[in-house]
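# Structural features, examined
Listed here are the chains, written in short residue letters.
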Protein chains: 2
Amino acid sequence: MSKTDHLFRRTTNEILRYIADHVPVGAPAPTENFLAAHCGVSRSPVRTALAHLGERGIIGGGGQARIVARHPRAEDYFDDVAMGPRADHIEKVFMDLVLRQELLPGQRFSEAELARRAGSSTTAVREFLIGFARSGLIAKKPQGSWRLQAFDRRFATELADMRDMLETQAVTRFAGLGPDDPAWAAIGGLIARHRALLAALAGGTGHYKDFSALDRDFHNIIINAMDNRFVREFYDVVSFVFHYHYQWERKGERARNIVALEEHLRILEALDRRDAPEAARRLAEHLATARSTLLDSIEGMGEGIGEEPEEDGHERPVVSRPLMASR
Amino acid sequence: MSKTDHLFRRTTNEILRYIADHVPVGAPAPTENFLAAHCGVSRSPVRTALAHLGERGIIGGGGQARIVARHPRAEDYFDDVAMGPRADHIEKVFMDLVLRQELLPGQRFSEAELARRAGSSTTAVREFLIGFARSGLIAKKPQGSWRLQAFDRRFATELADMRDMLETQAVTRFAGLGPDDPAWAAIGGLIARHRALLAALAGGTGHYKDFSALDRDFHNIIINAMDNRFVREFYDVVSFVFHYHYQWERKGERARNIVALEEHLRILEALDRRDAPEAARRLAEHLATARSTLLDSIEGMGEGIGEEPEEDGHERPVVSRPLMASR
DNA sequence: CTGTTGGTTTATACCGATAATAAACAACAT
DNA sequence: ATGTTGTTTATTATCGGTATAAACCAACAG
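## Notes on the side chain of Asp 161 of chain B
With respect to the secondary-structure elements, Asp 161 of chain B resides in helix 7 (residues 153–175). Exposure remark for Asp 161 of chain B: the relative accessible area of 14% places this residue in the buried category. For Asp 161 of chain B, the contacting residues outside a window of four places in its chain are Arg 173 and Asn 228 of chain A together with Arg 291 of chain B.

Written out as structure tokens, the structure reads:
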């Protein structure tokens, strides 16, 4: 087959919504260009969508002067728009396997199997895996199969080390930002959001997703002070790991979140006062607790397969075959 | 078509060499298992190779008791073994385009075009590009085409920043290594190699490749003290950039190399004396000169296309679309 | 002359099929 | 029993082909 037509589907739905909301029956339909801009796509999917709507009798008078013939009913909408591009879907399937522990850390798995599960071809899976390997969570040997990296103490330590280094550096950079840098303004907003969420948590409302989003924004602001693409790249990995990891390490979640938020707050307030050394100290605290929660939760989980018997003594650094074509 | 058969070809050649060197005519041929181990592959390519040699009359008596019928002649060897797996070949073609400046930084390019040049299918190219994007040298927009990142002052600065951070940290780690860590032993060897190359350069012999290899080893030893997969991953990128970059920035090469080697030496000697603070100071020096040479050489080169007109205001962080399927 | 729609061309994102490899198993010889 | 080779199966690396999306150009209306 070919490309997924999720753009077409999504576009169709958006057009329908737009018509229902803004265009009375009998009025001329919006122009193709307008709809394309509105949906953020090129004209091609808009045109196929429009043709589709023509066939379903929602839009009449093909050609220059299209007319809205009737308003859409519920069954005119596509209902499976959730599924984005193939890679996104495959990622979901894959992470689902990981989180259900059907795939254990250290274990091998095959493209074919994943393809069956995801209901797509091996090519699509393969391309997803190659890209996903950036995360350091999976690796493959030159001719061999894929393997889920052991998500163990060592992995966590390496991740945390790197994180410490980057964030520490980032905070000192932050202090050096120009006085009218927009980042300073963002801090105020963050402080408010932190206080709000803390209050909500104390009151029993507010839950994981809010924390997760806020946590992410907090670290992103810090990290962006470095304005460095390599740092950001690495941070994508960090966020990813934390995101999925927390999803199944739930016990004591509320308490942990509260601690984290308070620590964030102290850092933010210090920054807000332009007190860089204090911010650095508070950050160090925060990183320490973050590290230990991560390590604790890892101790708790299943061991996985662990290291495989290293069949030839010098297993490649595993994450990455080097970029350079050597040999 | 299918997989490339470079393993088969390489294996054939290695078997021929082995026979020529170690097995007299008329003697029984080595066993399949032995040859497989010798060449570091599985039995399959060995068997196809053996069959091939049978057809060419080099090995007689098919079956259990294979006999070497005659020694190989020059034309029995495959001559295009150089070409490794597709990805390696594509990488060569691609970097060639970049270095010849047929592809300018900031410019778009298409999978199809690269496929034509490399003589392979778009799938192969696509998979190469996805993996190669880790380097941060290319990026692609969600539905759009690929683009060679501007290799400009900013790129270099970000790279150097990251490098400084990592190596500085690495050196302090190094000092904390156990007294019988093998790394200490490696230092002695490195010092010797540095002195030798310096002497050779003074005498007019010795050239780029030697320096490049030595430089790489030096930094690898430092970096490996961190024993961190993410750091190593990033370092693959650094080595890659430097490797290719130096290949076309040749003026003043000898002088630069000599300076670098001397700086390395001072660091190594300090480490050898277990004088960590001094090593750190010297490292800082070295990083500073490395940074400025890199920046200088960038000033010198063509400007490329530069930033494109940012059609929608919030062009994605460009290097990486985030790992998480969001939306 | 600006904005609209209708075609056309090129490129990407997939799929299905196939050769090359790896891995496992069976048969056999020493 | 252990090590051979022959056979089968599973999986990767690759290709060619196709539907969708983007970009371009022409025709035309206000």
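## Section: the environment of Ala 69 of chain A
All names here are of chain A. Following the sequence through the fold, Ala 69 ends up in the loop between strand 2 (67–68) and helix 4 (86–99). Looking at Ala 69, the relative accessible area reads 41%, which means it is partly exposed. With 15 residues separating them in the primary sequence, Ala 69 and Gly 54 have C-alpha atoms 9.1 Å apart. Residues contacting Ala 69, with those up to four places away along its chain left out, are Val 25, Gly 57, Ile 58, Ile 59 and Gly 60.

## Considerations on the packing of aromatic side chains
Geometrically, a pair of aromatic rings is defined through the distance of the ring centres and the angle of the planes. Overall, the coordinates contain 22 aromatic pairs over all chains when judged by the stated rule. Residues Phe 234 of chain A and Tyr 235 of chain A carry aromatic rings whose centres are separated by 6.3 Å and whose planes lie at 75° to one another, so their mutual orientation is edge-to-face. No difference in accessibility class separates Phe 234 of chain A from Tyr 235 of chain A, as the two residues are buried. Here Phe 8 of chain B and Phe 78 of chain B contribute two aromatic rings whose centre-to-centre distance is 5.6 Å and whose plane-to-plane angle is 65°, an arrangement assigned as edge-to-face. Of this pair, Phe 8 of chain B sits in helix 1 (residues 6–22) while Phe 78 of chain B sits in the loop between strand 2 (67–68) and helix 4 (86–99), and the two are 70 residues apart along the sequence. Across the pair, exposure class does not vary: Phe 8 of chain B and Phe 78 of chain B are buried alike. Pairwise contacts between aromatic rings join Phe 94, Phe 109, Phe 128, Phe 132 and Phe 240 of chain A into one cluster. Positioned over the ring face of Trp 184 of chain A is Arg 274 of chain A, at 3.8 Å from the centre of the ring.

## Focus: the nonpolar core
Core analysis: the largest hydrophobic core is formed by 142 residues, its most contacted members being Phe 94 of chain A together with Phe 94 of chain B. Those residues in contact with Phe 94 of chain B that lie beyond four places of it in its chain are Leu 103, Phe 109, Leu 114, Phe 128, Phe 132, Ile 138 and Leu 148 of chain B.

## Some details on the protein's contact with DNA strand C
In the vicinity of DNA strand C lie 37 residues, with Met 1 and Ser 121 of chain A together with Ser 2, Ser 44 and Arg 126 of chain B positioned nearest. One of the side-chain N or O atoms of Ser 2 of chain B is found 2.4 Å from a sugar or linking oxygen in DNA strand C. One of the backbone nitrogen or oxygen atoms of Ser 42 of chain B is found 2.9 Å away from a phosphate oxygen of DNA strand C. At the level of secondary structure, the elements contributing two or more residues to the surface near DNA strand C comprise helix 2 (32–39), helix 3 (43–55) and helix 6 (122–132) of chain A together with helix 1, helix 3 (43–55), helix 5 (111–118) and helix 6 (122–132) of chain B. Per element, the largest residue contribution to the surface near DNA strand C is three residues, and it comes from helix 1 of chain B. Split by residue class, the surface near DNA strand C holds 10 nonpolar, 17 polar and 10 charged.

## Observations regarding the relation of the copies chain B and chain A
After a rotation of 180° and a shift along the axis of 0.0 Å, chain B superposes on chain A with an RMSD of 0.1 Å. The operation mapping one copy onto its partner corresponds to a two-fold rotation axis.

## Topic: the interface of chain B and chain A
Taken together, the contact between chain B and chain A spans 55 residues of the former and 54 residues of the latter. The tally of links between chain B and chain A comes to eight salt bridges. Where Asp 161 of chain B meets Arg 173 of chain A, a salt bridge forms, and the shortest distance between an N and an O atom there is 3.6 Å. If you list the elements that add at least two residues to the side of chain B that touches chain A, you get helix 1, helix 4, helix 6, helix 7 and helix 10 (229–248) of chain B. If you tally residues by element for the side of chain B that touches chain A, the top one is helix 10 of chain B, at 12 residues. Across the side of chain B that touches chain A, the residue classes break down as 24 nonpolar, 12 polar and 19 charged.

Criteria and cut-off values
The numbers attached to residues start from 1 for each chain and follow its sequence in the written order. For naming, the first written chain is A and the first written ligand is 1, with later ones following in the order written. Note on the predicted model: pLDDT of at least 70 is required for a residue's local features to be given, and 80 or more for side-chain atom pairs to be given and counted; whole-chain, interface and lining totals, by contrast, use all residues. Water and hydrogen atoms play no part in the side-chain values, which are based on all heavy atoms of the structure. For the purposes of this entry, the term helix denotes a DSSP run of H or I that reaches at least four residues, the term strand denotes a run of E that reaches at least two, and both are numbered from the N terminus. Working definition: with a 1.4 Å probe on protein chains only, accessible area under 20% of the residue-type maximum means buried, over 50% means exposed, and in between means partly exposed. Whether two residues are in contact is decided by their heavy atoms, any of which lying within 4.5 Å being enough. Ring pairs shown here join Phe, Tyr and Trp side chains whose ring centres sit within 6.5 Å, with only the six-membered ring taken for Trp; geometry is labelled stacked below 30 degrees between planes, edge-to-face above 60, and tilted in between. Here, a charge over a ring means that NZ of Lys or CZ of Arg falls within 6 Å of the ring centre while also lying within 35 degrees of the ring normal. Within this scheme, the nonpolar core is defined by two criteria: the residues are buried Ala, Val, Leu, Ile, Met, Phe, Trp, Tyr or Cys, and they are joined through side-chain atoms within 4.5 Å. Being near a molecule or strand, for a residue, comes down to having at least one heavy atom within 4 Å of it. Residues adjacent in sequence count toward polar contacts only when both atoms are side-chain atoms; beyond that, a polar contact is any pair of N or O atoms within 3.5 Å, and within protein one must be able to donate a hydrogen and the other to accept it. Only Asp, Glu, Lys and Arg are considered charged, only Ala, Val, Leu, Ile, Met, Phe, Trp, Tyr, Cys and Pro nonpolar, and every remaining residue, Gly among them, polar. The fit set for superposing copies consists of C-alpha atoms from residues with pLDDT of at least 70 in both; the fit itself is least squares. Take a side-chain nitrogen of Lys or Arg and a carboxyl oxygen of Asp or Glu: if they are within 4 Å of each other, that pair is a salt bridge.

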